[in-house]
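Topology and contacts: notes
These are the residues of each chain, in order.
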Amino acid sequence: MKDLKIIVCIKQVPDPEGPSSAFKVDSEAKKVIPEGIPPVINPFDENALEAALRIKDSAGCSVVAMSMGEKPATPVLKKALAVGADELFILEDEHFKDLDGYSTAYVLAAAIQKIGEYDLILTGRQAADWNFGLVGPILAELLHIPSVSVAQSVNVGDGKVVVKKLRKNGYEIVQASMPALVTASSEIGDLRLPSLQAIKDARSKPLIVWKMADLELDPHRLEPRKIDRLSPPPSRKRDCIFIEGESLQEKGEKLALKLQQDKVI
Amino acid sequence: MHQEQKRILILAEKEDELFAPITFELLRAGSELAANAGMKLCSAVLGCEVGEISEEMAHFSDEVYVLDHPLFAVFQVDLYAHALEQLCRSIDPDIVLMGHTLDNLDLAPRLACRIGTHLITDCIGLDIEPETGHLLCTKPVYGDNAVASFAIDKRPRMITLRPKVMEGMERRTTKGKVTHFDSAIEESLLRTEVLETIPGESVSLDKADAIVAGGRGVKAIEGLKHLEELIEVLKRYYGKVELGASRPLIDAGWIPSSRQLGLTGEKANPELYIAIGISGASQHLSGIVGSKKIVAINRDEQAAIFESADYGVVGEYEAVIPAFIKKLRELS
C-alpha cells in the first residue's frame, strides 16, 4: 500500500512567550520589532506538526514540512526535520516579503499542487504574529478540499480523516474524505523534543528550496499586507494595592477585609 | 440619481435556541456604522425552524433574511458558506460582520474567499474615517502586544468582531422587514460528516459575575479544590461564579477548553476576577481586561499580572486562599 503523505505548513514568528517589553512597536515603519527574543516555529504550527508525527507513529506516513517567506530562518525551520518530518520545503523569494494571508495561501497552494499527490494538510489555527487565521481555510478553498478547524486530535484511516473538533461547549467528531485540511489547536499538545541522534540525522534529510520561478504564480496575485496604522496596545496598567501581612494567613484575611471595605464584596 | 441604500449584513449567532450575546454586540457595532454611513442594518438568521426568533430579530434590524432549512440544524461549514455566498450575491452588502467565534474561524475566511473579498479577523474597533470614508478595522496583533488598523479596499468589507468589546444593542419597538431567502442548499454540498457531538458542561464565562481562574502556578491538579471552595463561598456575594483558567491548565487537560480565558479562549468582563497562579501574559490578559476588579494571588512578586491587578497578594495560594475563604465566610 502506498504511504500516506501529510503536508504541514509552518511559519516562523518571534517567540510569543516573550515578555510584552520585547515587542517594540515602530508606528512610523508600521512594524513590530522583537528585541531579545528568538524566532520560533509558530506554536499552533508545532501542534499541527505533532499531530502529523503521531499519525506517522501509529499509521506510518511521510511528513512534509513547508514554509514560505522572503528569507525564512532555515535553522529554526530545520527543527521540523529533527523532530521527525521527512522533507522540508522552503518557498523563498524577495516577492514573498510580508504577504497577506490570501497571497500566502496562494503561494502554498501552488507549491502543494507542484508536489502533486498528498492526503492531508495540517496548519496551525492561527499565527502568533498577525493572528489572522486565514491561511488554513483559504488554502482549503483554493485547493477545493474540505477542511475541519480547531482540532484537538487527528486520526486517519480508510481514506478518511477523523477529527475531534473543539466547539463552544464540548466537542464534535467530524469525518472528511481525504485529501483534506485540518487546522490544529493547542489542545493537541506540545511538539516532541528531538533526540541528539535525530538532530544529526536531520542533516541528511532533503531540504528543497523553491523560488517564485519554480512555481506557477501570477505575480499580480501577490499582495503585501497593507497596514494603515500600528500602535502600542492600550495600557492595561492598574494601580495594584498589595495586601501586606506578617503571614500568608494574615494576608488572606486582610484581602477579604479590604474587598469588603472597598465594597467589591 | 436615486441610489439604493447600502447594506450592512450581520450574521446572527444562536445559543440554546436563542441569540448569543455576540449577536447583539454585532448589531450594536452594525447599527453605529449604519447610522454613521447612512446604511441599512440587515441580519441573517440561519437555522432549522427559526421563524419565530427571526421575528424577534426584526426588532433589531431594518431587514432580516431568514435561511431556514433542516440541514442548518447543526453548523456545517460547507452548507453555511454556500448559503451565505448566495445571500451576499443576492443582496450585495457593503459590509459583512460576523462574530470571532469558533465556528466562524472556518466559515468567515471561506466565505471571503468565495465572494472574492478580504476579511479582517478578531477586530476590537471599527471606525469610518470621515475624510476618506474608509472603514478602519482595528485588531490586536502579536499576542495583543500591538494594535493594527486595516482598511479593506474590496467589497464587501468583511470583519469578524471579538466578543465582549461592545455592549449589546437595545431592542427597538419598531420592526424591520422579514424576508425568507432560499439558499438552494442540498446535502450533496456536504464534504464533512459529524459522527458524534459530545456536549461538555454548558459554560458561559461571558455571563459570569465573578470568575476564579487558575494558571500554571496552581502546580498540581489537587490545588483546584482551593479554587472550587473559593467559588462556593463567593456565591454568597455574587450571582453567577465560575471557574476559569489560562492555557497551561487547559493543555494539561485539568480543565475543559470552554473555561479558557484569553486570546484563543473566552472573553469575559465580570465584576470580580481572581487570578491564581497566573503570570499575566498579554495573551491571557486580552480575555479578562474588561473585568471591573482584578485580584491577583501569585508567589512571584515580579509577575506581570500585578501590573494589571487592582489588588495583589504575594505568596503561595495554598496558604492564602483558605484564610481568605474563612474570612469571607465570617463576613457574609
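Residues numbered from 1 in each chain as written. Chains lettered and ligands numbered in written order. Predicted model: local features only at pLDDT ≥ 70, side-chain atom pairs only at ≥ 80, totals over all residues.

A few words now on the overall build of chain A. A tally of regular secondary structure across chain A gives 7 helices and 15 strands. Over its C-alpha atoms, taken along the principal directions, chain A stretches across nearly 70 × 45 × 40 Å. The burial tally for chain A puts 48% of its 265 residues in the buried class. Considering only residue pairs separated by 6 or more positions, chain A has 71% of its internal contacts joining residues 24 or more positions apart. (Helix = DSSP H or I, 4+ residues; strand = E, 2+ residues; numbered from the N terminus. Buried ≥ 20, exposed ≤ 12 C-beta atoms within 10 Å, placed from the backbone. Contact = placed C-beta atoms within 7 Å.)

Moving on: helix H7 (residues 248-261) of chain A. Over its 14 residues, H7 of chain A runs 20 Å from end to end, which matches the ideal 20 Å to within 8%, given 1.5 Å per residue. Within H7 of chain A the residues assigned to the buried category are Leu248, Lys251, Gly252, Glu253, Leu255, Ala256 and Leu259 of chain A. Elements in contact with the buried residues of H7 of chain A: strand E18 (311-314) and helix H8 (317-331) of chain B. (Expected span 1.5 Å × (residues − 1).)

Residues and elements named next belong to chain B. Domain boundaries assigned for chain B yield domain 1 (7-189) and domain 2 (205-331). Centre-to-centre, using C-alpha coordinates, domain 1 lies 33 Å away from domain 2. Residue-level contacts link 8 residues of domain 1 with 10 residues of domain 2. (Domains from an automatic or database assignment.)

Take the sheet that holds strand E6 (residues 95-99) of chain B next. All names here are of chain B. The strand order E7-E11-E6-E1-E4-E5-E12 describes an open sheet built from 7 strands, whose pairing is parallel. Across the chains shown, the open sheet's two edge strands, defined by having one partner strand only, are strand E7 (119-123) and strand E12 (177-180). Recorded for the sheet is a direction-independent mean angle of 20 degrees between the axes of neighbouring strands. Inspection of the sheet shows E6 paired to strand E11 (residues 157-161) by 5 bridges, in the parallel sense. Along E11, the bridge assignment pairs Gly99 with Leu161. (Pairing = 2+ DSSP bridges. Axes fitted to C-alpha atoms, helices over the stretch in contact; angles between N-to-C directions.)

Moving on, we get to unusual backbone geometry. Here Met178 of chain A and Pro179 of chain A are connected by a cis peptide whose omega angle stands at 5 degrees. Cis geometry is adopted by the peptide bond preceding Pro156 of chain B, which originates at Arg155 of chain B and carries an omega value of -5 degrees. Here Pro156 of chain B is to be found in the loop between strand E10 (146-151) and E11. Unusually for a residue other than glycine, Tyr142 of chain B sits at a positive phi of about 50 degrees. Along the chain, Tyr142 of chain B turns up in the loop between strand E9 (135-141) and E10. In this structure, Asp144 of chain B is a non-glycine residue whose phi angle is positive, near 65 degrees. Within the element layout of this structure, Asp144 of chain B appears in the loop between E9 and E10.

The next subject is the nonpolar core. Formed by 140 residues in total, the largest nonpolar core has its most connected members in Val8, Leu49 and Val182 of chain A. Val8 of chain A has contacts with Ala48, Leu49, Ala52, Val63, Ala65, Ala85 and Leu122 of chain A, leaving out every residue within four places of it along the chain. If you look at the next biggest cluster of nonpolar residues, it comprises 52 residues, including Leu227, Leu261, Ile321 and Leu328 of chain B. (Core = buried A, V, L, I, M, F, W, Y, C linked by C-beta atoms within 7 Å.)

Right, let's get into the packing of helix H5 (residues 224-234) of chain B against H8 of chain B. Residue and element names in this part refer to chain B. Running from amino to carboxyl end, H5 crosses H8 at an angle of 15 degrees, the nearest separation of the two axes being 10 Å. Between H5 and H8, the angle is such that the two are roughly parallel. H5 and H8 meet at a crossing whose hand is left-handed. Contact residues: H5 offers His226, Glu229, Leu230 and Val233, while H8 offers Tyr317, Glu318, Ile321, Ile325, Leu328 and Arg329. Broken down by class, the residue content of the contact of H5 with H8 amounts to 6 nonpolar, 1 polar and 3 charged. (Parallel < 35°, antiparallel > 145°, perpendicular 65-115°, else oblique. Left-handed = near helix turned anticlockwise from the far one by under 90°. Nonpolar A, V, L, I, M, F, W, Y, C, P; charged D, E, K, R; others polar.)

This part covers the packing of H7 of chain A against H8 of chain B. Where H7 of chain A contacts H8 of chain B, the axes come no closer than 7 Å and their chain directions differ by 40 degrees. Relative to H8 of chain B, the element H7 of chain A lies oblique. At the point where H7 of chain A passes H8 of chain B, the crossing takes the right-handed sense. Between H7 of chain A and H8 of chain B, the residues in contact are Leu248, Gln249, Lys251, Gly252, Glu253, Leu255, Ala256, Leu257 and Gln260 of chain A and Ala319, Val320, Ile321, Pro322, Ala323, Phe324, Lys327, Leu328 and Leu331 of chain B, respectively.

This brings us to H8 of chain B. For H8 of chain B, which comprises 15 residues, the first-to-last C-alpha distance of 20 Å matches the rise-based estimate of 21 Å (1.5 Å per residue) to within 8%. Elements in contact with the buried residues of H8 of chain B: H7 of chain A together with H5, strand E16 (272-276), strand E17 (293-298) and E18 of chain B.

Further remarks concern the environment of Tyr80 of chain B. All names here are of chain B. In this structure, Tyr80 sits in helix H3 (residues 77-91). Residue Tyr80 is classed as buried on the basis of its 24 C-beta neighbours within 10 Å. On a C-alpha basis, the gap between Tyr80 and Ile185 in space is 9.0 Å, while along the polypeptide they are 105 residues apart.

Contacts between chain A and chain B engage 64 residues on the former and 70 residues on the latter. Broken down by secondary-structure element, the contributors of at least two residues to the side of chain A that touches chain B are strand E3 (23-26), helix H5 (135-143), strand E9 (147-157), strand E11 (170-177), strand E14 (229-231), strand E15 (241-242) and H7 of chain A. Top contributing element to the side of chain A that touches chain B by residue count: H7 of chain A, with 10 residues. Across the side of chain A that touches chain B, the residue classes tally to 33 nonpolar, 15 polar and 16 charged. By the bridge criterion, 7 bridges tie E11 of chain A to strand E13 (residues 192-199) of chain B in an arrangement that is antiparallel. Paired with Glu172 of chain A across the two strands is Thr197 of chain B, which belongs to E13 of chain B.

A few words now on the domain arrangement of chain A. When cut into domains, chain A gives domain 1 (4-221) and domain 2 (235-265). Relative placement of domain 1 of chain A and domain 2 of chain A: their C-alpha centres are 45 Å apart.

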